[in-house]
Amino acid sequence: MKVRLMRHSACVLGALAISTPALAAEHTLHGALSNGQVSGDVRLRYEAVDQDNALKDADALTIRTRLGYRTGSYQGVTGVLEFEDSRTVLGLDDYNNTQGKNTDYSVIADPETTEVDQAYLQYSGYNVTARAGRQVIAYDNQRHVGHVGWRQDRQTFDALSLAYTPTDTLTLNYAHLNQRNRIFAEAQDLPAKDHLLNLGYQTGFGKLTAYAYLLEVDDGTDNALDTLGLRFAGTYDMAPVTLLYAAEYAKQEATAGANEFDADYNKLKAGVGFNGITVALIYEVLGSDDGNYGFSTPLATLHAFNGWADQFLATPASGLEDLSLTVKGSLAGGQWTIVYHDFSANESTAGLDDLGDEWGLAYNRGFAEHYSAGIKYARYSAGDSAAGKVDTNKLWLTLGVTF
């Protein structure tokens with residue numbers, strides 16, 4: 001018995017001898033810095049664009065590298081520093097990169113750039129998380145505020161953000177943005193005076209969100225863009241069937257110099273999941289103010305909405321109605337997606353009604369723990385000629401690794 005007790009005591013003392021310096025290190029500034037974590041990811045992508053117009057077909061092979069460091073915690077404070085670099089590879093750069101190069105080619109919005117992607121200090125404690133500095137901000141499904149992670153140079157914001165979670169079901173988010181670091185490299189970043197308020201309440205059937213996004217580019221002009229809305233989205237398990245549903249409404253007021261506009265936003269989603277297959281029908285309306293202004297979401301992850309061919313990154317003045325059907329499932333360890341969009345104008349003016357349709361196909365698969373690969377294709381067919389759109393085909397091949 002004495003031998004066992006001596007052995008047990010020796011193990012406990014040994015563990016304390018090892019853990020005590022580690023615990024002490026977490027409570028010192030030096031310990032927080034030396035016990036940080038390094039992270040990174042690399043994404044290689046080929047993109048091809050073929051449009052039925054006078055522009056040349058575009059091809060781009062780009063590689064995006066992101067390296068970051070997160071400190072340990074000191075008195076509830078942590079720090080993050082992250083760099084991002086995007087380059088063309090093998091000289092395959094026959095595309096309009098939005099920086100004035102190759103303007104006779106179709107656009108692929110992946111300019112070469114090296115920049116600080118994130119750099120912020122964060123405090124966590126007393127149900128509050130506060131961040132100050134350059135950071136990613138994404139709310140809900142990113143329809144209004146997102147990071148545009150699809151592009152090689154993702155969107156971040158220079159901001160002060162606060163998240164307060166007094167209970168497990170209630171979250172209050174606020175952010176003040178003084179610069180929008182957009183996807184077009186630093187030359188096209190925008191100074192801002194934006195206020196974002198997002199209140200979320202989790203129920204047993206889904207999440208209810210109320211939001212107010214008060215946007216303004218700080219360029220000395222009158223350009224306020226105020227959006228207030230309500231959203232409810234969730235799933236309900238009725239094994240072996242899962243129901244998916246969402247409803248959203250927003251009201252927007254916009255100022256452009258001496259002109260003022262207003263427009264509504266509506267969205268309804270109904271879907272079902274069964275035996276590994278998910279089918280969802282979505283009806284989304286970005287309203288118009290008598291054909292003079294279309295509902296706008298300049299901070300959104302736009303590629304995720306209204307078609308992968310990116311024909312409606314800016315809402316037409318006639319507004320946009322998008323009826324889409326999405327089918328998803330699993331195959332060979334990966335995920336496949338088929339999506340169809342039917343587009344029309346919200347306000348039919350000057351013979352403008354049919355805005356075309358689009359098919360999208362995608363397959364993505366992870367492998368070898370840290371790697372992923374994907375293929376995606378979009379085919380947009382133009383509608384009424386007055387819409388100014390043309391038939392467009394886009395193809396993406398992607399290979400990624402995280403570490």
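Residue positions are given per chain, counting from 1 as you read along its sequence in written order. The model is predicted, so local features are restricted to residues of pLDDT at least 70 and side-chain atom pairs to those at 80 or more, both for listing and for counting; the totals for chains, interfaces and linings are taken over all residues. As a rule here, side-chain values cover all heavy atoms of the structure and leave hydrogens and water aside.

(A) Examining a negative patch on the surface more closely. Only residues whose relative accessible area exceeds 30% and that take part in no salt bridge are eligible for patches, with like-charged residues grouped when within 9 Å of each other and nonpolar side chains (Val, Leu, Ile, Met, Phe, Trp, Tyr) grouped when within 5 Å. Note on areas: Shrake-Rupley, 1.4 Å probe, and residue coverage restricted to the protein chains presented here. Salt bridges are defined by distance alone: a side-chain nitrogen of Lys or Arg within 4 Å of a carboxyl oxygen of Asp or Glu. Residues counted as positive are Lys and Arg, residues counted as negative are Asp and Glu, and His and the chain ends are not counted. Every charge is mapped onto a representative atom, which is NZ of Lys, CZ of Arg, CG of Asp or CD of Glu. Taken together, the side chains of Asp50, Asp52, Asp57 and Asp391 present a region of like negative charge at the surface. Helix and strand definitions follow DSSP, with helices as H or I runs of at least four residues and strands as E runs of at least two, each counted in order from the N terminus. Locating Asp57 in the fold gives a position in the loop between strand E1 (37-51) and strand E2 (58-70).

(B) Representation of the environment of Lys101. The residue Lys101 is located in the loop between strand E3 (77-94) and strand E4 (113-125) in this model. In this structure the C-alpha to C-alpha distance between Lys101 and Pro111, which are ten residues apart in sequence, comes to 9.4 Å. Excluding its chain neighbours within four sequence positions, the residues that come into contact with Lys101 are Asp93, Tyr95 and Asn96. Here a polar contact is recorded for every N or O atom pair within 3.5 Å, except that within protein the pair must consist of a potential hydrogen donor and a potential acceptor, and residues adjacent in sequence are included only if both atoms are side-chain atoms. One polar contact links Lys101 to Asp93, side chain to side chain, over a distance of 2.9 Å. In this description, contact between two residues means that some pair of their heavy atoms is separated by no more than 4.5 Å.

(C) Structural view of the packing of aromatic side chains. When two rings of Phe, Tyr or Trp (its six-membered ring) have centres within 6.5 Å they constitute a pair, described as stacked for plane angles under 30 degrees, edge-to-face for angles over 60, and tilted for the intermediate range. Summed over all chains, the structure comprises twelve aromatic pairs. Ring plane angle 50° and centroid distance 4.8 Å describe the contact between Tyr340 and Trp359, whose orientation is recorded as tilted. Of this pair, Tyr340 sits in strand E15 (residues 334-349) while Trp359 sits in strand E16 (residues 352-367); the two residues are 19 residues apart in sequence, bridging distant segments of the chain. Judged by its relative accessible area of 24%, Tyr340 is partly exposed. Looking at Trp359, the relative accessible area reads 48%, which means it is partly exposed. Whether a charge sits over a ring comes down to the Lys NZ or Arg CZ being within 6 Å of the ring centre and within 35 degrees of the ring normal. For the cation-ring pair, Arg45 lies above Trp150, with the distance from its terminal atom to the ring centre recorded as 3.8 Å. Partly exposed residues are those whose accessible area sits between 20% and 50% of the maximum for their type, while under 20% is buried and over 50% is exposed, using a 1.4 Å probe and protein chains only.

(D) Representation of the pattern of salt bridges in the model. With the rule as written, the count across this model stands at 19 salt bridges. The closest approach of N and O atoms between Asp117 and Arg66, which form a salt bridge, is 3.6 Å. Separated by 51 residues along the polypeptide, Asp117 in strand E4 and Arg66 in strand E2 bring together distant segments of the chain. With a relative accessible area of 1%, Asp117 lands in the buried category. The class of Arg66 is buried, set by a relative accessible area of 8%. Note that Arg231 and Glu248 form a salt bridge whose closest N and O atoms lie 3.5 Å from each other. Taken as a pair, Arg231 in strand E10 (residues 225-238) and Glu248 in strand E11 (residues 241-256) lie far apart in primary sequence, 17 residues in all. In this structure, Arg231 and Glu248 share a single accessibility class: buried.

(E) The arrangement of the side chain of Asp189 in detail. Note that Asp189 resides in the loop between strand E7 (170-181) and strand E8 (190-202). Although buried, Asp189 forms no salt bridge, and the nearest oppositely charged side chain, Arg134, lies 5.2 Å from it. At a separation of 3.0 Å, a polar atom in the side chain of Asp189 contacts the main-chain amide nitrogen of Arg182. In this structure Asp189 touches Gln179, Arg180, Asn181 and Arg182, once residues within four positions along its chain are discounted.

(F) Region of interest: the nonpolar core. Buried Ala, Val, Leu, Ile, Met, Phe, Trp, Tyr and Cys residues that are joined via side-chain atoms within 4.5 Å together make up what is termed a nonpolar core. Of all hydrophobic cores here, the largest spans 35 residues; its most connected members are Ile137, Val145, Leu177 and Leu196. Ignoring anything within four residues of it in the chain, the contact list for Leu196 reads Tyr139, Val145, Asn173, Tyr174, Ala175, Leu177, Ala212, Tyr213, Leu215 and Leu299.

(G) Geometry of unusual backbone geometry. A cis geometry characterises the amide bond from Ala239 onward to Pro240, with omega recorded as 10°. The backbone of Asn127 sits at a positive phi, close to 65°, despite the residue not being glycine. Within the element layout of this structure, Asn127 appears in the loop between E4 and strand E5 (128-135). For Ala185, which is not glycine, the phi dihedral falls at a positive 75°. Note that Ala185 resides in the loop between E7 and E8. Taking relative accessible area as the criterion, Ala185 reaches 7% and is therefore assigned buried.

(H) Broad picture of the environment of Lys269. Turning to its location among the elements, Lys269 is positioned in strand E12 (residues 259-274). Residue classification places Lys269 among the partly exposed residues on the basis of a relative accessible area of 27%. As for Lys269 and Gln202, which are separated by 67 residues in sequence, their C-alpha atoms are 18 Å apart. Each residue touching Lys269, except ones within four places of it in the same chain, is listed here: Leu244, Tyr245, Ala246, Ala280, Leu281 and Ile282.

(I) Structural view of the pairing of E4. Note on pairing: DSSP must find at least two bridges between two strands before they are called paired. Both E3 and E4 contribute to a ladder of ten bridges, which runs antiparallel. Looking across to E4, one finds that Leu81 is bridged to Ala119. Between E4 and E5, which pair antiparallel in sequence order, lie two residues; one of them, Tyr126, sits at a positive phi of approximately 55°.

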